[in-house]
Amino acid sequence: MDPLLKLDDFTMHYRTKAGWVQAVDGVTLSLARGQALGLVGESGCGKTSIAMSVMKLLPYNSKVVRGRILFEGRDIYSMTDGEVRKMRWKGVAMIFQAAMNSLNPVYRVGNQIVEAIVTHEPETSEEEAWARVRSLFELVGIPKERMYHYPHEYSGGMKQRAVIAMALACNPKMIIADEPTTALDVIVQDKILREMDQIRRKINMSMIYISHDVSVIAEVSDVVAVMYAGKLVELGQADDVFKRPRHPYTYALMRAYPSILGEKHELATIPGEPPNLLDPPSGCRFHPRCDRASAECSKADPMWREICPGHYCTCHNPVEIGGTWVGQVRSGKAADGGDQLGTSSNS
Amino acid sequence: MRRYVLSRLGQVILTLLIYITLVYFLLQAMPGDITQMYLANPKVPQAAREELRKQLGLDQGVVMQYLTYVKNFFRGELGVSFSHYPRPVWDILMERLPRTFVLFLTAHVLSFYVGYVMGRVIAWRRGRVVDYAATVVGITFWTAFYPLLALVLIWIFAYTLRLLPLNQFIEPKLWQGAPFSANTVFGYMVYGGGAVAIGLFLIFYAFLRGLKRTRRNVALAWLSGSVLVAVALLAASRAGLLVYIWDIVNHMVLPVCTLTLISFAGTMLLMRDSMLETVQEDYVMAAHAKGLPDTIVRDRYAARTAILPTVTSLVLSLASSMSGGLVTETMFSWPGLGQVLFHSALANDYPLATGALAFTGVFLLIAHFVADILYAVLDPRIAYTGQPAAEG
Ligand SMILES: Nc1ncnc2c1ncn2[C@@H]1O[C@H](COP(=O)(O)OP(=O)(O)OP(=O)(O)O)[C@@H](O)[C@H]1O
Ligand SMILES: [Mg+2]
């Protein structure tokens, strides 16, 4: 079957005073129906830019340089405005990175959800829409009478849930959740993630989770895409990627975040800074910070290749041995850490 | 909300007290006793002097005098005018107030609406030709010398083209032998116009309140709105009022247009600025993402929150045009409150001057109060905290 969403060599840049920011460069990935994809990478690597590209909500100073985005087989950049409006929310809904601010302060929260429903389903009456809001609120765990309140009367966590309810309002085929829980404390964060995952499975919806936190991604995704400086560096089934990370960046990233379940291990920061996307390094963009870098890495851009079936990676010197902490988190087994890179140690 | 309204009302009454106290003591601070000033003036009859003495209670102590003054003020007893003796000040003010009210309110609402709509459009199309064109035109009128602009418009439309009447607020020939006084007609215009406006508001609210704007509802709203207006016009014409209303409206066109031209740019630029900020808000982006039509995102999201600062400016501009009302009233020979204030001051007519001054203040305070309520209706965060919320 056709994938629901397909990015094909998608490349987009931002124009700034200093020049072109190469925010997304040659990203190729696809998302099947009902699948959850985790998009992970450091701040500023272009995750939100990909999300906005899929929603066709890029700012005026951006430019799609090359490639396509296909939603249900149709290129969204050749759709008319009307078609894009139909695709939005009914096809792809989004939970914004600044979820707290994505509610209009002067309208009741319920109204804003009803508005989305009646816009996309003209045959639905307003009463039916309100009834749906009621059940959505139940689903995300907000007291029903809160429908009639204004956003400023909500707590942060409640706003977050309301935004999730809003994303679910039109039964979209997929949801892009851009850091849906970063503003919350860890306990609430975990709870909301689990709830979202449950809802997704129940209604067989596709999902793109975006986060800089690998432990969050590990918990909820089927497929993981690791992004660095505007490029995908690794893509594969979550189990494969986290048990046997191939790209040194993926490996380093995994070691830089604590487990969400509280497993203890020493955190290892990645030395150096993410590159400036105005003028990214030649060859592999990660090479200045990579401890496996060879002479080749600074000259030739590594190929996007399938290292094993369904597991893609761009690296001249991929990591060979697997077995890391994320595997432990998922299976809940005891530690058997790998120290292949020799940079730091597990506990 | 109720607490908010009550506390605002309390504030308004307190401000009013302070204001009339100030006006009173300014008067007291004038050199000499007020009656002494007129003792040697043969133009002022003995009866007026006595009346004034009684009104001001000059035989009593200062505190008692002040209290009497406040009491009289709230009963509408403002004394008798010197220059229009023996007409009570209250009478004169009540004659002038509707004229000023109708003219300035019309001009203001129109200028605000034009400014709001244009600001909304140019902010949404920022950087395009409309944006530059509207800004340049708006600023040109905004900075134009007001009396000159008025003269130019009078010259073009009333003198050269003869499209509009010149001078005065009514056509004397037409009103000779009219069964109504101009003031009665103004009264009907205020009450009737107000009733029709409220009716229209209720109709549109009833039909278009929902989030779902069906074609049927829009058509029904327009239909019943037109019916209401038609009925009102018919009633006016049956009562024989229509010709007179039409005459007054004709006389209002020039001053209203001049006032609108000179002031719409203020609201427009404020709206543009404010909306350039709100279009950057995440909820506007989220509204686009929800797949809402462009005009809905513009009106319900970007413009709806951007309108708040312009409400404040509405009151401020009302204040400035009330004080500048004299210029308008003089240029267009409109016998309103501004002229009364000016002439009474020139004629040393203290009771009338005080009354006019106090009334202008009352008028502005009411406008302020209305704006406060409007603000709270438009921004739910205000009634909640009592003050504008900081954007988080
Ligand atoms: N409107 C814009 N104009 C110019 N540059 C931009 C714009 N938006 C983003 N960028 C740049 O594009 C790059 C990618 O930004 P993006 O927001 O996609 O990162 P991100 O991965 O979502 O980061 P974070 O985790 O912090 O949200 C960054 O270098 C950023 O500075
Ligand atoms: Mg982001």
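Residues numbered from 1 in each chain as written. Chains lettered and ligands numbered in written order. Predicted model: local features only at pLDDT ≥ 70, side-chain atom pairs only at ≥ 80, totals over all residues. Heavy atoms only, no water.

Q: Looking at this model, I keep getting lost on the overall build of chain B. Mind explaining?
A: Within chain B one finds 17 helices and zero strands. A total of 392 residues make up chain B; the buried ones form 44% of that total. The contacts of chain B with a sequence gap of at least 6 include a subset with a gap of at least 24, amounting to 74%. Here chain B displays about 20900 Å² of accessible surface, and carbon together with sulfur accounts for 68% of that area. (Helix = DSSP H or I, 4+ residues; strand = E, 2+ residues; numbered from the N terminus. Buried < 20%, exposed > 50% of the residue type's maximum accessible area, 1.4 Å probe, protein only. Contact = heavy atoms within 4.5 Å. Areas by Shrake-Rupley, 256 points an atom, 1.4 Å probe, with all protein chains shown as cover.)

Q: Sorry if this is basic, but what is going on with the interface of chain B and chain A here?
A: Frequently, the measure chosen for interface size is the accessible area removed from exposure when the parts meet. The interface is formed by 25 residues belonging to chain B together with 32 residues belonging to chain A. Surface buried jointly by chain B and chain A totals about 2600 Å² across both partners, of which 64% is contributed by carbon and sulfur atoms. At the boundary of chain B with chain A, the tally comes to two salt bridges. Here arginine 300 of chain B and glutamate 115 of chain A are joined by a salt bridge, their closest N and O atoms 2.6 Å apart. Between chain B and chain A we count seven residue pairs in polar contact (both at pLDDT 80 or more) in total. Of all the secondary structure elements, the ones that give two or more residues to the side of chain B that touches chain A are α12 (282-289), α13 (294-323) and α17 (380-385) of chain B. Looking at the side of chain B that touches chain A residue by residue, the class counts come to 12 nonpolar, five polar and eight charged. (Buried area = accessible area lost by both parts, 1.4 Å probe. Salt bridge = Lys/Arg side-chain N within 4 Å of Asp/Glu carboxyl O. Polar contact = N/O pair within 3.5 Å; in protein donor to acceptor, adjacent residues only side chain to side chain. Nonpolar A, V, L, I, M, F, W, Y, C, P; charged D, E, K, R; others polar.)

Q: In this structure, what is going on with the domain arrangement of chain B? I would like to understand it.
A: All names here are of chain B. In terms of domains, chain B is made up of domain 1 (93-188 + 231-347) and domain 2 (189-230). Taken over C-alpha atoms, the centre of domain 1 sits 22 Å from the centre of domain 2. At the interface, 15 residues of domain 1 touch 12 residues of domain 2. When the two sides are added together, the surface that domain 1 and domain 2 hide from each other amounts to roughly 950 Å², 60% of it contributed by carbon and sulfur. It is Tyr188, Val231 and Arg300 that lose the most area in domain 1 upon contact with domain 2, and together they represent 44% of the buried surface on that side. For the pair domain 1 and domain 2, the number of links is 18 residue pairs in polar contact (both at pLDDT 80 or more). Counting residues per element, the ones that place at least two in the side of domain 1 that touches domain 2 are α5 (89-124), α9 (182-208), α10 (215-238) and α11 (242-278). (Domains from an automatic or database assignment.)

Q: What should I look at first to understand the environment of leucine 365 of chain B in this one?
A: Secondary-structure assignment places leucine 365 of chain B in helix α16 (residues 350-378). Look past the residues within four positions of leucine 365 of chain B in its chain and what remains in contact with it is Val12, Thr15 and Leu16 of chain B.

Q: I'm lost on the site of ligand 1 in this one. Help?
A: Residue and element names in this part refer to chain A. Taken together, 16 residues surround ligand 1, and among them Ser43, Gly44, Thr48, Ser49 and Gln97 come closest. One nitrogen or oxygen atom from the side chain of threonine 48 is found 2.6 Å from an oxygen atom belonging to ligand 1. Contact between ligand 1 and glutamate 179: an oxygen atom at 3.5 Å from a side-chain N or O atom of the residue. Relative to its unbound accessible surface of 630 Å², ligand 1 loses 69% to contact with the protein. (Near = heavy atom within 4 Å.)

Q: Would you mind showing me how to read the nonpolar core here?
A: Soluble globular proteins: nonpolar side chains tend toward being buried together. Within the largest apolar cluster, 106 residues are counted, with the highest numbers of intra-cluster contacts made by Ile113 and Ile176 of chain A. Top element by residues in this core is helix α5 (residues 156-168) of chain A. It accounts for eight residues. Beyond its immediate stretch of four places on either side in the chain, isoleucine 176 of chain A contacts Ala51, Val54, Met55, Val92, Ala93, Met94, Ile95, Ile208 and Ile210 of chain A. In terms of nonpolar packing, the next biggest core, distinct from the first, is built from 31 residues, Ala182, Phe186, Leu241 and Tyr244 of chain B among them. (Core = buried A, V, L, I, M, F, W, Y, C linked by side-chain atoms within 4.5 Å.)

Q: Could you clarify how one ought to interpret the coordination of the magnesium ion (ligand 2) in this entry?
A: As a benchmark, a tetrahedral metal site with four donors has ideal angles of 109.5 degrees, while an octahedral site with six donors has ideal angles of 90 or 180 degrees. All names here are of chain A. Note on the magnesium ion (ligand 2): its protein donors are Thr48 (OG1) and Gln97 (OE1). The metal-donor distances range over 1.8 to 2.3 Å. With threonine 48 in helix α1 (residues 47-55) and glutamine 97 in the loop between β6 (92-95) and α3 (109-120), the pair connects residues that are 49 residues apart, well separated along the chain. What makes threonine 48 partly exposed here is its relative accessible area of 26%. Overall, glutamine 97 belongs to the partly exposed group, its relative accessible area being 43%. (Donors = N, O, S within 2.8 Å, 3.2 Å for Na, K, Ca; no water.)

Q: Explain the sheet that holds strand β2 (residues 19-31) of chain A here, please?
A: Hydrogen bonding along the main chain pairs the strands of a sheet, whether they run parallel or antiparallel. Residues and elements named next belong to chain A. Across the sheet, four strands lie side by side as β2-β1-β4-β5; this open sheet has antiparallel pairing. Each edge of the sheet is formed by a strand with only one pairing partner; in this case those strands are β2 and β5 (74-75). Pairing of strand β1 (residues 5-16) with strand β4 (residues 62-71) involves eight bridges; the strand directions are antiparallel. Considered in β4, the bridge of tyrosine 14 is made with serine 62. Sheet contacts for α1: β1, β2 and β4; angle to β1, the most-contacted strand, approximately 110°. (Pairing = 2+ DSSP bridges. Axes fitted to C-alpha atoms, helices over the stretch in contact; angles between N-to-C directions.)

Q: Can you help me understand a nonpolar patch on the surface in this one?
A: Among the surface-exposed residues, Leu6, Leu9, Ile13, Leu17 and Phe74 of chain B lie close enough to one another that they form a single nonpolar patch of about 440 Å² accessible area. We classify leucine 17 of chain B as partly exposed; its relative accessible area is 30%. (Patch = residues over 30% accessible without salt bridge, like charges linked within 9 Å, V, L, I, M, F, W, Y side chains within 5 Å.)

Q: Honestly, the packing of aromatic side chains in this entry has me stumped. Any pointers?
A: Two descriptors summarise a pair of aromatic rings, namely the distance from one centre to the other and the angle between the planes of the rings. Scanning all chains against the criterion turns up 12 aromatic pairs over all chains. On the numbers, 5.3 Å between centres and 90° between planes, the contact of phenylalanine 204 of chain B with tryptophan 222 of chain B is edge-to-face. With phenylalanine 204 of chain B in helix α9 and tryptophan 222 of chain B in helix α10, this residue pair connects regions lying 18 residues apart in the sequence. By relative accessible area, tryptophan 222 of chain B is classed as exposed at 55%. Between the NZ or CZ atom of lysine 63 of chain A and the centre of the ring of tryptophan 20 of chain A, over which it lies, the distance is 5.3 Å. Seen from the ring of tyrosine 154 of chain A, arginine 146 of chain A lies directly overhead, with NZ or CZ sitting 5.8 Å from the centre. (Phe/Tyr/Trp six-rings, centres within 6.5 Å; stacked < 30°, edge-to-face > 60°. Lys NZ or Arg CZ within 6 Å of the ring centre and 35° of its normal.)

Q: Help me understand the confidence of the model for chain A, please; the structure alone is not making it clear to me.
A: For residues with low pLDDT, the predicted coordinates do not support detailed interpretation. Per-residue confidence for chain A gives a mean pLDDT of 83, with 88% of residues at or over 70. Segment residues 323-347 of chain A is flagged for pLDDT under 50; beyond a separation of four residues in sequence, or across chains, it makes 59 contacts in the model. (pLDDT = per-residue confidence, 0-100.)

Q: Help me understand the state of the cysteines in this model?
A: By definition, a disulfide links the sulfur atoms of two cysteines through a covalent bond. All names here are of chain A. Under the defined criterion, the tally for this structure stands at zero disulfides over all chains. No disulfide involves cysteine 297; its sulfur sits 6.0 Å from the nearest other cysteine sulfur, which is in cysteine 284. Of the residues examined, cysteine 297 reaches a relative accessible area of 6% and is grouped as buried. Free cysteine cysteine 313: the closest other cysteine sulfur is in cysteine 315, separated by 5.3 Å. (Disulfide = S-S within 2.5 Å.)

Q: I'm lost on unusual backbone geometry in this one. Help?
A: As a rule of thumb, non-glycine residues mostly have phi less than zero, and peptide bonds are mostly trans rather than cis. Residue and element names in this part refer to chain A. For glutamate 72, which is not glycine, the phi torsion reads 50° and is therefore positive. Looking at where glutamate 72 falls in the secondary structure, it is placed in the loop between β4 and β5. If you check the backbone angles, asparagine 171 has positive phi at about 45° while not being a glycine.

Q: I keep staring at the side chain of glutamine 35 of chain A and nothing clicks. Help me out?
A: Topologically, glutamine 35 of chain A is positioned in the loop between β2 and β3 (36-40). If we skip the residues at most four places from it in the chain, glutamine 35 of chain A touches Ser30, Arg200, Met205, Ser206, Met207, Asp222 and Val223 of chain A.

Q: Would you take a moment to explain the side chain of threonine 11 of chain A for this structure?
A: Residue and element names in this part refer to chain A. You can see threonine 11 is positioned in strand β1. Threonine 11 sits in the buried class, given a relative accessible area of 1%. A polar atom in the side chain of threonine 11 sits 2.9 Å from the backbone nitrogen of glycine 26. When sequence neighbours within four positions are dropped, the list of residues in contact with threonine 11 reads Val24, Asp25, Gly26, Lys63, Val64, Val65 and Arg66.

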